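If you want the building blocks of each chain, they are given just below.
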Amino acid sequence: MFALVDCNNFYVSCERVFMPSLEGRPVVVLSNNDGNVVARSNEVKALGLEFGAPYHKCRDFIARYGVQVFSSNYALYGDLSLRVMETLARFSPSMEIYSIDEAFLHLPSSRRFDIMEWGSRIRATVRQWTGIPVSIGIGPTKTLAKLANRLAKKRFPDRGVFDISGCTDMDDLLESVFVGDIWGIGHSYSAMLARHGVTNARQFRGLPDHWIKKRMTVTGLRTAWELRGRPCLDLEEMAPPRKGIVSSRSFGRPVESLGELREALASYVGRAAAKLRRQGSAASFLGVFLATNRFKAEPQYSNFTAVRLPVPSSYTPELLVPALACLESIYRPGFRYKKTGIMLSEIVAECDAVRSLFEDQGASGRKRRLSETVDRINGRLGAGRLFYAAEGMGKSWQMRRSLLSPAYTTRWSEIPVVKAL
């Protein structure tokens, strides 16, 4: 048996933890540069505001209904996610962190085990310890647990827990589920299935195996098997290392000068290098891209170039030098740039990286200790507290976050203050 625990409207719930007056009120969270609506409270959903709506087009709606608006606060969301996952780990011997707001759990095996009571206890504990509301779906496979979670949110929001294995009318239940809502079936597959008259989960589950495999490969067949109660997907307790890393964000304003582009790219290189080190990896291939805003009626330009590193590396200066050289080779003056970024690929484990015969072992040790120190300080005091001078000081090109809430849990200067009257 599997359980999928999913945080409800996670970004919105994080904002409400330290502003309880927002409970019951309409709240939205915006994407990078305050561009689009990426999280909505249930109150906003009931009012009809669509996910992804451009912020500048829904200002009248927001003013009319008194919607509270926040910029994305990734420091807060990441820390509260960690607290939720640490809480969930107490309830199961094995867990897979599926995303920032979702985790699969294996249910403890016990004949006297009350599944619904276990789920309700998890839900209450997470809410008490972190302030985040969750919904829990339980089933004999990961796909059915995912479906049960959706039903827990839609049909049993007050209880917040649904065990699909105890359902006596499974056929009727699956018939009410749109085939595109099944985990693992995307838009293109759901459109293909609709052309063949398959519109709900019951119909898909009943298709012949050879028909599914021919049109949807073995991955689609596994999805059908999971809907039939046959487990094909086990928990991934250790996240596999990333095979590629991209670090980039849109600028808060158009950037024209090479100097500011260099600062931005250096900042992204620092983030990418830190990600490499966290997973104990090194990159062999480095690419840099540059682009204007294709949605603006102005001269357009974009380009990409890449280099192979002489030795796989995760040391920031060894990535900075070739990255900045790549940027200078593709930069063209006279354009208003919207984005630049770095792509790292051909990633290998640090211990497996092939080194140069002429490498100075003493220098390598100093580089490793320096990187570990920088990562440790930034981990304790907040990302970006220590950075390389190439990243610049002003950073006026950074993305807009004019409606940003405090980093309540990760920055001492923004810790919540309680005043007694």
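Residues numbered from 1 in each chain as written. Predicted model: local features only at pLDDT ≥ 70, side-chain atom pairs only at ≥ 80, totals over all residues. Heavy atoms only, no water.

Colleague: Whenever I open this one, the pattern of salt bridges confuses me. Can you help?
Modeller: Oppositely charged side chains can form a pair if their charged atoms are brought close together. Counting across every chain of the model gives 20 salt bridges. The residue Arg83 makes a salt bridge to Asp79 at a minimum N-O spacing of 2.9 Å. Of this pair, Arg83 and Asp79 both sit in helix α4 (residues 74–88), four residues apart, roughly one helical turn. Put simply, Glu260 and Arg253 hold a salt bridge, and the shortest N to O gap is 2.4 Å. Residues joined by salt bridges that share partners form a network here, namely Asp171, Glu175, Arg202 and Arg205. (Salt bridge = Lys/Arg side-chain N within 4 Å of Asp/Glu carboxyl O. Helix = DSSP H or I, 4+ residues; strand = E, 2+ residues; numbered from the N terminus.)

Colleague: Mind showing me how you'd approach empty space enclosed by the protein here?
Modeller: Any empty space left between atoms is shown by rolling a water-sized probe over those atoms. In the structure shown here, the tally under the stated rule is one cavity of 30 Å³ or more. What the largest cavity holds in volume is close to 40 Å³. Every residue lining the largest cavity is listed: Thr143, Lys146, Leu147, Asp181, Ile182, Trp183 and Leu227. Of the residues assigned to the lining of the largest cavity, the class counts are four nonpolar, one polar and two charged. (1 Å grid on protein atoms, 1.4 Å probe; cavity = no way out; pocket = protein on both sides within 12 Å on 5 of 7 lines; lining within 4 Å. Points joined across faces, edges and corners; volume = space filled by probe spheres on them. Nonpolar A, V, L, I, M, F, W, Y, C, P; charged D, E, K, R; others polar.)

Colleague: Sorry, what's going on with the pairing of strand β6 (residues 102–106) here?
Modeller: Across a regular strand the side chains alternate sides, sitting on one face of the sheet and then on the other. Counting buried residues in β6 gives four out of five residues, a clear majority hidden from the surface. For strand β1 (residues 2–7) and β6, the ladder comprises five bridges, and the chain directions are antiparallel. Each bridged residue has a counterpart across the sheet, and for Asp6 the counterpart in β6 is Glu102. Across four bridges, strand β5 (residues 95–99) lies against β6 in antiparallel orientation. Of the residues in β6, the one forming a bridge with Glu96 is Phe104. (Buried < 20%, exposed > 50% of the residue type's maximum accessible area, 1.4 Å probe, protein only. Pairing = 2+ DSSP bridges.)

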